[in-house]
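# Structural overview for review
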Amino acid sequence: MYISRNIRTFRVSNAVIWTSALFIGILASVPKILRIHITKWELLADISVATSFSILIWYFNIYMLPTFRAGAATARFASKRLAGSLALGIVVMAALVAIYQLILPQYHFQSMMLMYEFRGLVINLTIYLFLHLIYQHHITQLISVELEKTKADNLSAQFELLKQQVNPHFLFNSLNTLKSMVEMQDQHASRFIVMLSDFYRSSLETRKQHLISMQEELSTLDAYLFLLKARFEDGISLTVKISDAHRASCIPPFTLQLLIENCIKHNIVSLGQPLHIHIFSEDAFIVVENNLQMKRTPEPSTGVGLTNIAQRYQSLHQQQMEIIKDSTSFKVKLPVLHEDTRDRR
């Protein structure tokens, strides 16, 4: 098969055409083989007529097949092409019989013209139907490939869009934190700016990656925790207990930061009511859990957090993250992603 950009041209190998044409020629001459009074030269001439006709019809029907274009509708069984093929076949068979009559005048080919024409119609229909059967199968495969490619491109585009949502979301929250610190004349504001700068430098190094190692994510999380502590002090605590096996796994960048931001967004964080966040391993999941103490007036939502994470995991792992909420706690369970998932992206 020859491929040019989004155009794919269907081809049948010459070996298939010539072998099948010879087989059809022999099969079409079976009635004469059964005759008692027939010479081998007459039989070979008869086989030659059917074989030559089959080869010509093969190439004509292949030439008349429509070209498949990516995004175009599937070519259907065309009655006009069949009628054209049958009409040409009648002319070709008559021409072949006339040529063989001139070459081998001792055999009465012309007297059996009707028989040869009928044989030609049968051969023509057989080749046409068989060719269109394998052609439709070929088109079906191409369409399946196109659909899979489109699906993969769409998932990739969605994933890129989701990644691009993360940085503005985090920057928006960080600037709000910095604004609050400046307004309160917090002495840690300058240190906060330095750590924020370091954090963003790290984030720029990973923003083009679909997945990073869990160890990288946890290192970034340490810097992020400093930024939170600068604002909330003992109003927030974070414990991390991830198994060594899970530390060797992978995770979409900023996942843990987004989950912690989500906890802060919806819960009271204060010295009187500290927010406790736990990150730990549980079977084939990384779990982020916090005590539930909902704000009476929730902060405005950008719609990025949990939805973003769920869509990223769906596009990467084809698995859903789990959300468990009860009267005292809120828990998000993230499926563990391994290196093979990272390699496929």
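In what follows, the accompanying structure is described. Counting from 1, residues in each chain are numbered in the order their sequence is written. Residues qualify for local features only when their pLDDT is at least 70, as the model is predicted, and side-chain atom pairs are given and counted only at 80 or more; totals for whole chains, interfaces and linings, by contrast, use all residues. To get the side-chain values, all heavy atoms of the structure are used, and hydrogens and water are removed first.

### Looking at the environment of Val287
For clarity, the threshold we go by: Helical segments are the DSSP runs of H or I of at least four residues, strand segments are the runs of E of at least two, and each set is numbered from the N terminus. For the exposure calls, accessible area comes from a 1.4 Å probe over protein chains only, and a residue counts as buried if that area is under 20% of its type's maximum, exposed if over 50%, partly exposed in between. It only takes one pair of heavy atoms within 4.5 Å for two residues to be counted as in contact.
As for its placement among the helices and strands, Val287 is situated in strand β8 (residues 285–291). Note on Val287: relative accessible area 0%, which makes it buried. For Val287 and Ile242, which are 45 residues apart along the polypeptide, the C-alpha to C-alpha distance reads 9.1 Å. Excluding residues that lie within four positions of it along the chain, Val287 makes contacts with His278, Ile279, Phe280, Glu282, Lys331, Val332 and Lys333.

### Some points on the packing of helix α3 (residues 40–64) against helix α4 (residues 79–103)
As a reminder, the rule being used: Angles shown run from 0 to 180 degrees and are taken between the N-to-C directions of axes, each axis being a line fitted to C-alpha atoms and, for helices, limited to the stretch in contact. Here is the rule for angles: anything less than 35 degrees is roughly parallel, anything more than 145 is roughly antiparallel, 65 through 115 is roughly perpendicular, and the remaining ranges are oblique. The hand of a helix crossing depends on one turn: near helix anticlockwise from the far one by less than a right angle means left-handed, and clockwise means right-handed. Three classes are used, and their members are as follows: Ala, Val, Leu, Ile, Met, Phe, Trp, Tyr, Cys and Pro are nonpolar, Asp, Glu, Lys and Arg are charged, and the others, Gly among them, are polar.
At a closest axis distance of 10 Å, the pairing of α3 and α4 adopts a crossing angle of 150°. Between α3 and α4, the angle falls in the class roughly antiparallel. Considering the relative orientation of α3 and α4, their crossing is right-handed. Contact with α3, carried on its side by Ala45, Ser48, Val49, Ser52, Phe53, Leu56, Ile57, Phe60, Asn61 and Met64, involves Arg81, Gly84, Ser85, Leu88, Gly89, Val92, Met93, Leu96 and Tyr100 of α4 and no other residues of that element. Taken together, the residues of the contact of α3 with α4 sort by class into 12 nonpolar, six polar and one charged.

### Remarks on unusual backbone geometry
Of note in this structure, Glu233 is not a glycine but carries a positive phi near 55°. By relative accessible area, which is 45% here, Glu233 ends up partly exposed. With a phi close to 55°, Asp283 is a non-glycine residue in the positive phi region. Structurally, Asp283 can be placed in the loop between β7 (275–282) and β8.

### Examining the packing of helix α1 (residues 14–28) against α3
α3 packs onto α1 with a crossing angle of 140° between their chain directions and a minimal axis gap of 8 Å. As the angle between them shows, α1 and α3 are arranged oblique. You can see that α1 and α3 cross each other, and the crossing is right-handed. Only Ile47, Ala50, Thr51, Ser54, Ile55, Trp58, Tyr59 and Ile62 of α3 make contact with α1, whose side of the interface consists of Asn14, Ile17, Trp18, Ser20, Ala21, Leu22, Ile24, Gly25, Ile26 and Ala28.

### What to know about the packing of aromatic side chains
Given two aromatic rings, their pairing is described by the distance between the two centres and the angle made by the two planes. Operational definition: Ring geometry is summarised as follows: Phe, Tyr and Trp rings, the Trp one being its six-membered ring, pair when their centres sit within 6.5 Å, and such pairs are stacked at plane angles under 30 degrees, edge-to-face over 60 and tilted between the two. As a reminder, the over-ring test applies to NZ of lysine and CZ of arginine, requiring each to be within 6 Å of the ring centre and within 35 degrees of the ring normal.
Under the defined criterion, the tally for this structure stands at one aromatic pair. Above the plane of the ring of Phe285 lies Lys333, whose end atom (NZ or CZ) is 4.7 Å from the centre.

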